[in-house]
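Each chain, written out:
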Amino acid sequence: MHAQTRRTSSGEPALMDAWERLQVHYARHHNAAPFWDAYQAIQDELTRRHPHHRVAVCNRLATLAERLGVVHHAHLLGEHRSQRRHTGSTSP
């Protein structure tokens, strides 16, 4: 799957910036270690800026990674097995 250059529906400028940065890193590195290094740096930056919304920020970034096609299914923090979107998966 190829990343499409398109902004998130969120009006949050920090998340829009993160989406654009993730797209650039994905275009350069795909699912290689440099992409995940950049992902972690972006996540650290956002969670420091929004300490009371850490889980929401992490979940949003995971969803963006899924949208890029980096992962098939983003496992969200606080998500119970019964709430997973892809219930047909054989993954634990």
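Coordinates for the structure precede this section.
All of the points below concern the structure found in this document. (Residues numbered from 1 in each chain as written. Predicted model: local features only at pLDDT ≥ 70, side-chain atom pairs only at ≥ 80, totals over all residues. Heavy atoms only, no water.)

**Details of unusual backbone geometry**
So, point 1. A positive phi angle is found at His-30, which is not glycine, with a value near 50 degrees.
So, point 2. Here His-30 lies in the loop between helix H1 (13–29) and helix H2 (33–49). (Helix = DSSP H or I, 4+ residues; strand = E, 2+ residues; numbered from the N terminus.)

**As for the environment of Asp-44**
So, point 1. By secondary structure assignment, the location of Asp-44 is in helix H2.
So, point 2. For Asp-44, a relative accessible area of 31% corresponds to the partly exposed category.
So, point 3. In this structure the C-alpha to C-alpha distance between Asp-44 and Cys-58, which are 14 residues apart in sequence, comes to 9.2 Å. (Buried < 20%, exposed > 50% of the residue type's maximum accessible area, 1.4 Å probe, protein only.)

**Examining H2**
Three or four residues apart is the spacing at which side chains of an α-helix point the same way, because the helix has 3.6 residues per turn.
So, point 1. Helix length check: H2 (17 residues) gives 24 Å between terminal C-alpha atoms against 24 Å at 1.5 Å per residue, within 8%.
So, point 2. By the burial criterion, the buried members of H2 are Phe-35, Ala-38, Tyr-39, Ile-42, Gln-43, Leu-46 and Thr-47. For H2, the angular spread of buried residues about the axis comes to 160 degrees, placing them on one side. Across H2 from its buried face, at more than 90 degrees, point the exposed residues Ala-33, Asp-37 and Arg-48.
So, point 3. Where H2 is buried, its residues touch H1 and helix H3 (54–68). (Expected span 1.5 Å × (residues − 1). Arc of directions from axis to C-beta. Contact = heavy atoms within 4.5 Å.)

**Let's talk about the packing of aromatic side chains**
So, point 1. Summed over all chains, the structure comprises 4 aromatic pairs.
So, point 2. Judged by centre distance (5.0 Å) and plane angle (85 degrees), the ring pair of Phe-35 and Trp-36 falls under edge-to-face.
So, point 3. Using a relative accessible area of 30% as the deciding quantity, one classes Trp-36 as partly exposed.
So, point 4. For the pair Phe-35 and Tyr-39, a centre-to-centre distance of 6.2 Å together with 40 degrees between the ring planes defines the contact as tilted. (Phe/Tyr/Trp six-rings, centres within 6.5 Å; stacked < 30°, edge-to-face > 60°.)

**A few points about the pattern of salt bridges**
Here the idea is simple: oppositely charged side chains can pair when their charged atoms come close.
So, point 1. Under the criterion given, the structure shown has 3 salt bridges.
So, point 2. Across the pair Arg-21 and Glu-45 runs a salt bridge, and its minimum N-O distance is 3.1 Å. Taken as a pair, Arg-21 in helix H1 and Glu-45 in helix H2 lie far apart in primary sequence, 24 residues in all.
So, point 3. Between Arg-49 and Glu-45 there is a salt bridge whose closest N-O contact spans 2.5 Å. (Salt bridge = Lys/Arg side-chain N within 4 Å of Asp/Glu carboxyl O.)

**Comments concerning the nonpolar core**
So, point 1. In terms of nonpolar packing, the biggest core is built from 18 residues, with Leu-22, Phe-35, Tyr-39, Leu-46, Leu-61 and Leu-68 touching the most fellow members.
So, point 2. Secondary-structure elements contributing two or more residues to this core are H1, H2 and H3. (Core = buried A, V, L, I, M, F, W, Y, C linked by side-chain atoms within 4.5 Å.)

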